[in-house]
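Observations on the model geometry
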Amino acid sequence: MNPDEEYGVQEGDMMLQRDRNAASDVWPEVDGQVFVPYEINPELGKRASLITQAFKMISEKTCVKFRLHTDEADYLHFKEGPGCASLVGLTGGEQPLLISKSCTAGNICHEILHALGFYHEHSRKDRNEYITIQYDNISPGREDNFEVRYGKTLGMAYDRGSIMHYGEDYFSRNGKPTIVTKDGNVKIGQRTHLSDLDVERIRKLYHCKGNEEEGTAQVDYGDYEMGLEGLWGFKFSTMAL
Ligand SMILES: [Zn+2]
């Protein structure tokens, strides 16, 4: 598959709104915890389980939790889309987060981090100290995916292992690398887990206190697994992922 097609869907994934500085808007925190209300459109069917896996990746290590939307004004709405895509930061109201058939739990986790206020790691203003962008190898018209953005670095180290970092051949027009790391064979572009620095970044932005590593995620998988066998009748009421 042409990497551009493959990654164009997966990684050209930030939906942008004009007239706002997206990353300045974070989800509200109450008593050291953040609850992001969400709704999963039934059209996503069994992909709901990938979404809850992504929730768990975040909630088991941070104070950011996810709970089913009731009457909150602001909430994430997971719905079918042509790719995995998200707005950056809290935008207010029903905030779409698009899920295609090709999105993995890791991709969804990446999109949720956008919704929490994070840009791509390789777009940090200090990125040129750590990576080199090979503009000659980027598909024409895709250069804007490699622009520097002034999102929060939170005073933290550059993280090649971040789930928010592009891989070396994203948006390549010729199969050659579009991003080269400056210190040799460091792997970039993983989409399987939050790096330690990803965890720290979330905890810092959301002022998490205490040790979430202990695992405060409450998941009733009994209800959940049972529900997946049926249609959409499973209970979310016990879930605070
Ligand atoms: Zn992204």
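Predicted model, so just to flag it, every value in this text is computed and none were measured.

Conventions and cut-offs
- Residues numbered from 1 in each chain as written.
- Predicted model: local features only at pLDDT ≥ 70, side-chain atom pairs only at ≥ 80, totals over all residues.
- Heavy atoms only, no water.
- Donors = N, O, S within 2.8 Å, 3.2 Å for Na, K, Ca; no water.
- Helix = DSSP H or I, 4+ residues; strand = E, 2+ residues; numbered from the N terminus.
- Buried < 20%, exposed > 50% of the residue type's maximum accessible area, 1.4 Å probe, protein only.
- Pairing = 2+ DSSP bridges.
- Right-handed = clockwise from strand over helix to strand, strands pointing away.
- Phe/Tyr/Trp six-rings, centres within 6.5 Å; stacked < 30°, edge-to-face > 60°.
- Lys NZ or Arg CZ within 6 Å of the ring centre and 35° of its normal.
- Disulfide = S-S within 2.5 Å.
- Salt bridge = Lys/Arg side-chain N within 4 Å of Asp/Glu carboxyl O.
- 1 Å grid on protein atoms, 1.4 Å probe; cavity = no way out; pocket = protein on both sides within 12 Å on 5 of 7 lines; lining within 4 Å.
- Points joined across faces, edges and corners; volume = space filled by probe spheres on them.
- Nonpolar A, V, L, I, M, F, W, Y, C, P; charged D, E, K, R; others polar.
- Axes fitted to C-alpha atoms, helices over the stretch in contact; angles between N-to-C directions.
- Parallel < 35°, antiparallel > 145°, perpendicular 65-115°, else oblique.
- Left-handed = near helix turned anticlockwise from the far one by under 90°.
- Contact = heavy atoms within 4.5 Å.

Looking now at the coordination of the zinc ion. The protein atoms that coordinate the zinc ion are D13 (OD), D13 (OD), H110 (NE2), H114 (NE2) and H120 (NE2), at distances of 2.0 to 2.4 Å. The sequence pattern describing where the donors of the zinc ion fall on their chain is D-x96-H-x3-H-x5-H. Here the residue H110 occupies a position in helix α3 (residues 105–116), and H120 occupies one in the loop between α3 and β8 (131–133), the gap between them amounting to 10 residues. For the pair shown, H110 and H120 are each scored as buried.

Examined bridge by bridge, strand β3 (residues 33–40) and strand β4 (residues 64–68) share five bridges and lie parallel to one another. Across the sheet, the residue bridging to P37 is R67, located in β4. Following the chain from β3 across helix α2 (residues 48–59) to the adjacent parallel β4, one finds a crossover that is right-handed.

Further remarks concern the packing of aromatic side chains. Tallied over the entire structure, the rule returns eight aromatic pairs. Ring centres 4.6 Å apart and planes at 55 degrees place the aromatic pair Y38 and F55 in the tilted group. Taken together, the residues Y38 in strand β3 and F55 in helix α2 connect sequence positions 17 residues apart. F55 carries the same exposure label as Y38, and that label is buried. Between the aromatic rings of F55 and F78, the centroid separation amounts to 5.6 Å while the plane-to-plane angle is 70 degrees, which identifies the pairing as edge-to-face. Pair noted here: F55 is in helix α2 and F78 is in strand β5 (residues 75–80), with a separation of 23 residues, a long-range link. On the basis of relative accessible area, F55 is assigned to the buried category, the value being 0%. In this structure an aromatic cluster arises from ring pairing among Y38, F55, F66 and F78. The ring of F35 has R67 lying over it, and the distance from NZ or CZ to the ring centre is 4.3 Å.

Inspection of the entire model under this criterion finds two disulfides. Here C63 connects covalently by a disulfide to C208, the sulfurs 2.0 Å from one another. Looking down the S-S bond of the C63 and C208 bridge, the torsion is -75 degrees, so its handedness is left-handed. One end of the pair, C63, is in the loop between α2 and β4; the other, C208, is in the loop between α4 (196–205) and α5 (221–229), with 145 residues separating them in the sequence. With respect to burial, C63 and C208 carry one shared label: buried. Shown here for the protein chain is a disulfide pattern of 1-4, 2-3, where each number marks a bonded cysteine counted in sequence order.

With the rule as written, the count across this model stands at nine salt bridges. In this structure, K79 and E94 form a salt bridge, with 3.3 Å as the shortest nitrogen-oxygen distance. With K79 in strand β5 and E94 in strand β7 (residues 94–99), this pair connects stretches of sequence that are 15 residues apart. On the basis of relative accessible area, K79 is assigned to the partly exposed category, the value being 23%. In this structure, R201 engages D198 in a salt bridge whose closest nitrogen and oxygen atoms are separated by 2.7 Å. Note that R201 and D198 are positioned in helix α4 at a spacing of three residues, about one turn of the helix.

Take empty space enclosed by the protein next. Applying the stated criterion across every chain, the model contains one cavity of 30 Å³ or more. When its volume is computed, the largest cavity comes out at roughly 120 Å³. Lining the largest cavity are 15 residues, and of these Y119, H120, E121, R124 and K152 lie nearest its centre. Of the residues belonging to the lining of the largest cavity, the class tally is three nonpolar, six polar and six charged.

Here we take up the packing of α2 against α3. Interaxial distance between α2 and α3 falls to 8 Å at its minimum, and their mutual angle equals 60 degrees. Classified by the angle between their axes, α2 and α3 sit oblique to one another. Considering the relative orientation of α2 and α3, their crossing is right-handed. Contacts from L50, I51, Q53, A54, F55, M57 and I58 in α2 reach A105, G106, I108, C109, I112, L113 and L116 in α3. Of the residues contributing to the contact of α2 with α3, the split by class is 12 nonpolar, two polar and no charged.

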